[in-house]
Amino acid sequence: MIGLAACGEPFVVLGDAPGVMRIVMGVGDSIGTHVDSLATLTKLTQPTAVAFDPEAGILYVADRGALRQVDGVSTPVARIFSVSSRGRALLLLDAGGCTTGTCILQIAAMALAPDRSLIIADAAGNRVFRYRPGADHTVLAGDGTLATAPDNSVAAQSPISRPAGVAVDDDGTIYISETGASRIRAIDAAGRLITVAGTGVPGHSGDGGPATAAQMHEPGGIIVVDGVIYFTDLFRHVVRRIDASGTITTVAGVPGTAGYAGDGGPATAATLDRPTAVALTPDRTQLFVSDRNNDVVRVIDQGTGIIRTFAGTGSRQWSGNRRLAGETSLFTPTGLDAAENGFLFIVDTGHSVVWRTSVAID
């Protein structure tokens, strides 16, 4: 099978089949900082996020976790790589030596903007950045302090609290999971913060009503598709949805109950444990969830609401490359991205790799 990028460059995926997992970056179960021209020979320390650019056929990978001594101080390293459709890796950003100014510390999430820049959530630095690959980064939100600001504050000059997820709508509106403030925020056209969901009081409430009157507790990964927002709630172990009218509902998980049960039944009766990221296939039929503490990726059929385990065995023992998704072990999966060509990218943080698999899209 060979897919084509919009620009005509082939995605070299000969031999891939739906449900088969293939490493596209990292050396399986091996931590390091070695950078090679081949993505599968480049070592990662703690990958956390991915963003795929379908026009260029490039996958962006964020890595964090290693420490570097800078002037006698242990400083976290934030790295961003590009991976071409032919498996070539390029280190675009290495922020490990940054000690002053607006340093990127630890990347929790990335999203591709319509102008093909990357929007980055830096949970440790309490900032959201715009990064143009190969160029500079600019602050979109956050002044670096751990606090939260009222609505209508200038985003780039105001504090935000542990942003753990970012998403960008087709019109360029940026959404932020402000985890430490238990709210979903947006940056409007004037560059000001507005609340999209959450009262700021941790909890779980409000299903069937306006999202701005609902409680949540540590929102995490977030996506927006056709004006509809999906996000994970790390502390309450659920996935929630905000429709275009602003109404919020729970679509997966039992609020406040951590566990691993419910496959084959309704997602709202299933238990999750620290769901971290979400991805929706372009045909809107399958919602994928990285169920981090269960070491699996779950999938919810959007027509029936039925949940099942897509990838992971529940064991963290390394099981190798090019196996069926259900036979491939994961270790604290985090970032996800679903591409128009049927690819699903999975960040396997504990095994220090990024996987690619093909999902069936009719």
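Residues numbered from 1 in each chain as written. Predicted model: local features only at pLDDT ≥ 70, side-chain atom pairs only at ≥ 80, totals over all residues. Heavy atoms only, no water.

(A) Seen up close, the overall build of the protein. Summing up its helical and strand segments, the protein has zero helices and 28 strands in all. Since a compact globule built from 362 residues should have a radius of gyration of about 21 Å, the 19 Å found for the protein is in line with a globular shape. Principal axes of the C-alpha set define a box for the protein whose edges measure 55 × 50 × 40 Å. Expressed as a percentage of its 362 residues, the buried residues of the protein come to 54%. Here the contacts in the protein between residues at least 6 apart in sequence split such that 45% fall between residues at least 24 apart. Carbon and sulfur atoms make up 51% of the accessible area of the protein, which totals about 13,700 Å². Between the averaged position of the 27 positive side-chain charges in the protein and that of its 35 negative side-chain charges there is a distance of 4 Å. (Helix = DSSP H or I, 4+ residues; strand = E, 2+ residues; numbered from the N terminus. Rg over C-alpha atoms; globule rule 2.2 N^0.38 Å. Buried < 20%, exposed > 50% of the residue type's maximum accessible area, 1.4 Å probe, protein only. Contact = heavy atoms within 4.5 Å. Areas by Shrake-Rupley, 256 points an atom, 1.4 Å probe, with all protein chains shown as cover. Lys, Arg positive; Asp, Glu negative; His and termini not counted. Charge placed at Lys NZ, Arg CZ, Asp CG, Glu CD.)

(B) Region of interest: the side chain of Thr271. Counting through the fold element by element, Thr271 comes out in the loop between strand E21 (248-252) and strand E22 (275-280). Dropping the residues within four chain positions of it, Thr271 is found in contact with Val254, Thr257, Ala258, Gly259, Tyr260, Ala261, Asp291 and Arg298.

(C) A look at the pairing of strand E5 (residues 58-63). Counting buried positions along E5 yields five of six residues, so the element is predominantly enclosed. Counted along the chain from strand E4 (residues 47-53) to the antiparallel partner E5, the turn is four residues long, and its residue Gly57 has a positive phi close to 70°. Pairing of E5 with strand E8 (residues 79-83), which is carried by five bridges, proceeds in the antiparallel orientation. Bridging across to E8, Ala62 finds its partner in Ile80. (Pairing = 2+ DSSP bridges.)

(D) Broad picture of the environment of Tyr260. Relative to the helices and strands, Tyr260 is located in the loop between E21 and E22. A C-alpha to C-alpha distance of 5.5 Å links Tyr260 and Leu272, two positions 12 residues apart in sequence. Setting aside chain neighbours within four positions, we find Tyr260 in contact with Thr271, Asp291, Asn294, Val296, Arg298 and Thr309.

(E) Up close: the confidence of the model for the protein. Averaged over all residues, the pLDDT of the protein is 91; the fraction at 70 or higher stands at 91%. Confidence over residues 1-15 falls short of pLDDT 50; this stretch has 40 contacts with residues more than four positions distant or in other chains. (pLDDT = per-residue confidence, 0-100.)

(F) Structural context of the sheet that holds strand E9 (residues 89-94). Reading across the sheet, the four strands line up as E4-E5-E8-E9 and stay open at both edges, with antiparallel pairing between neighbours. Each edge of the open sheet is held by one strand with a lone partner, namely E4 and E9. Between one strand axis and the next, the sheet turns by 20° as a mean value, whatever way the strands run. (Axes fitted to C-alpha atoms, helices over the stretch in contact; angles between N-to-C directions.)

(G) Highlighting the packing of aromatic side chains. Taken as a whole, this structure holds four aromatic pairs when the rule is applied. Summarising the aromatic geometry, the rings of Phe288 and Phe310 are spaced 5.2 Å apart at their centres and angled 80° between planes, so their arrangement reads as edge-to-face. You can see Phe288 sitting in strand E23 (residues 286-291) and its partner Phe310 sitting in strand E25 (residues 307-311), a full 22 residues away along the chain. Accessibility expressed as a relative area gives 9% for Phe310, which makes it buried. (Phe/Tyr/Trp six-rings, centres within 6.5 Å; stacked < 30°, edge-to-face > 60°.)

(H) Main features of the nonpolar core. Ranked by size, the top nonpolar core spans 18 residues in total, and within it Phe288, Phe310, Ala311, Leu344 and Ile346 carry the most contacts. Looking at this core, the elements with two or more residues in it are E22, strand E24 (296-301), E25, strand E26 (333-338), strand E27 (343-348) and strand E28 (353-358). If we ignore the near neighbours within four places in the chain, the residues touching Ile346 are Met21, Val297, Ala311, Pro333, Gly335, Leu336, Val353, Val354 and Trp355. Ranked by size, the runner-up nonpolar core spans 17 residues in total, among them Ala113, Val128, Ala155 and Val166. (Core = buried A, V, L, I, M, F, W, Y, C linked by side-chain atoms within 4.5 Å.)

(I) How the structure looks around unusual backbone geometry. Residue Arg284 is not a glycine yet carries a positive backbone phi of 70°. If you check the backbone angles, Thr332 has positive phi at about 50° while not being a glycine. Topologically, Thr332 is positioned in the loop between E25 and E26. A relative accessible area of 17% means that Thr332 is categorised as buried.

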